[in-house]
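Structure at a glance
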Amino acid sequence: MPLRASARHYLMCRPTYFAVEYAINPWMDPTAPVDADLAVRQWAALRRTYLDLGHTVDLIDPLPGLPDMVFAANGATVVDGRVLAVEFRDPQRADEAPAYAGWFARAGFEVHEAKLVNEGEGDILLAGDHILAGTGFRTTHAAHARVQEVFGRPVVTLHLVDPRFYHLDTALCVLGGEAGVAYLPEAFSPGSRAVLRRLFPDAVLADPRDAAVLGLNAVCDGARVVLPAQATRLSAALRERGYETIGVDLSELRKAGGGPKCCTLEVRR
Ligand code: ARG
């Protein structure tokens, strides 16, 4: 089965107010310097990359006082034109939830309230007929049942065990084609590893050194994978499997624990 790219629709948020002001994951050090202008330029290059690939990018207005709002993946989950709103674990990000829900409501989407803590596409990823749902750090296990109810698709719970890989999208990337996904086995509980082996016997397994630069925080359109430029082994492994890879540098956003996928929310009409 040849790999086939398809035009995607993404929602992004310019990192106008980006900063590392608190620490809610091990990547964040509020005492370390961050180059805010460079963060904006790196983000703009990511957006340009999507446009050059033929994708549509909508923008949501950033809000002052919400330095992590650039991580649009955490703003919602959108499948079949239906939107599940989010509820953040940490109070520092709480006000992002109504901002994203409001954007979708104004755009005419049916928005379902979160009811339980779920951090959107950070932990909830559509992979073929299944929805893969992470838990252990942010999204609660109970929220997975809500995801299944709202979308009417089978939800597979995956337990994350390494605090560096606190969202599912830092430990696993959905790909098109036979591989289905790329992931870091060490980031999952033994049972979840067994589930992933069973569902995706041909998956691309990531090297821990690539995961450590957030290499798995990547965006695939079916044939082309946009990933952190530093993830050189993963890029080579993907090319070997027929994918085109496009490296981007998001060094400043990584200081908050985010990469390309975190900045990108897929809007599925
Ligand atoms: N600082 C943010 C947080 O800890 C980073 C979010 C990254 N987003 C993602 N989808 N992994 O919540």
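Note that this is a predicted model, so its numbers are computed, not measured. (Residues numbered from 1 in each chain as written. Predicted model: local features only at pLDDT ≥ 70, side-chain atom pairs only at ≥ 80, totals over all residues. Heavy atoms only, no water.)

Let's talk about the pattern of salt bridges
Tallied over the entire structure, the rule returns 14 salt bridges. Residue Arg-224 pairs with Asp-221 through a salt bridge whose shortest N-O separation is 2.7 Å. Classification of Asp-221 by relative accessible area gives buried; the value is 2%. One salt bridge connects Glu-252 with Lys-255, and the closest N-O pair in it is separated by 2.8 Å. Take Glu-252: its relative accessible area is 5%, and that puts it in the buried class. Through salt bridges with shared partners, a single ionic network connects Arg-8, Glu-121, Lys-261, Glu-266 and Arg-268. (Salt bridge = Lys/Arg side-chain N within 4 Å of Asp/Glu carboxyl O. Buried < 20%, exposed > 50% of the residue type's maximum accessible area, 1.4 Å probe, protein only.)

Digging into the side chain of Asp-169
Within the fold, Asp-169 resides in the loop between β8 (155–159) and β9 (172–174). Buried charge without a salt bridge: Asp-169, with Lys-261 as the nearest opposite-charge side chain at an N-O distance of 5.6 Å. (Helix = DSSP H or I, 4+ residues; strand = E, 2+ residues; numbered from the N terminus. Lys, Arg positive; Asp, Glu negative; His and termini not counted.)

Focus: the pairing of strand β2 (residues 56–59)
Within a regular beta strand, the side chains point alternately toward one face of the sheet and then the other, so they alternate between its two faces. As paired strands, strand β1 (residues 9–12) and β2 are joined by four bridges and run parallel to one another. Across the sheet, Met-12 pairs through a bridge with Leu-59, a residue of β2. Taking the sense of rotation as the criterion, the β-α-β connection linking β1, helix α1 (residues 36–52) and β2 turns out right-handed. (Pairing = 2+ DSSP bridges. Right-handed = clockwise from strand over helix to strand, strands pointing away.)

Quick word on the sheet that holds strand β4 (residues 82–85)
Reading across the sheet, the three strands line up as β3-β4-β5 and stay open at both edges, with mixed pairing between neighbours. The open sheet has two edge strands with one neighbour each: β3 (76–79) and β5 (110–112). Pairs of neighbouring strands in the sheet enclose a mean axial angle of 25°, with direction left out of account. As judged from the four bridges shared by β3 and β4, these two strands associate in the antiparallel manner. When the sheet's bridge partners are listed, Val-79 is paired in β4 with Arg-82. On top of the sheet, helix α2 (residues 96–106) reaches β3, β4 and β5; it is set at about 155° to β5, its chief contact. Against the sheet, helix α3 (residues 141–151) contacts β3, β4 and β5, and its axis sits at roughly 160° relative to β4. (Axes fitted to C-alpha atoms, helices over the stretch in contact; angles between N-to-C directions. Contact = heavy atoms within 4.5 Å.)

A word on the pairing of β8
Note: strand β7 (residues 130–135) against β8, five bridges, orientation parallel. Residue Thr-135 lies in a different strand from β8, and its bridge partner there is His-159. In terms of handedness, the path from β7 via α3 over to β8 forms a crossover that is right-handed.

Comments concerning α3
Turning to α3, its buried residues are Ala-143, His-144, Arg-146, Val-147, Val-150 and Phe-151. Considered in projection along α3, the buried side chains sweep an arc of 160° and stay on one side of the axis. Turned more than 90 degrees away from the buried face of α3 sit Ala-145 and Glu-149, all of them exposed. Tucked into the core, α3 has its buried residues touching β3, β4, β5, β6 (124–127), β7 and β8. One or two positions beyond α3, positive phi appears at Gly-152, with a value near 60°. (Arc of directions from axis to C-beta.)

Observations regarding the packing of aromatic side chains
Note on aromatic pairs: each is described by the distance of the centres and the angle between the planes. All told, the structure shown has five aromatic pairs when counted by the stated rule. Note on Phe-18 and Phe-71: the rings are 6.4 Å apart at their centroids and 90° apart in plane angle, and the pair reads as edge-to-face. Of the two residues, Phe-18 is situated in the loop between β1 and α1 and Phe-71 in the loop between β2 and β3; the sequence distance between them amounts to 53 residues. For Phe-18, a relative accessible area of 6% corresponds to the buried category. Aromatic pair Phe-104 and Phe-109: ring centres 5.3 Å apart, planes at 85°, arrangement edge-to-face. Exposure class is identical for Phe-104 and Phe-109. Each is buried. (Phe/Tyr/Trp six-rings, centres within 6.5 Å; stacked < 30°, edge-to-face > 60°.)

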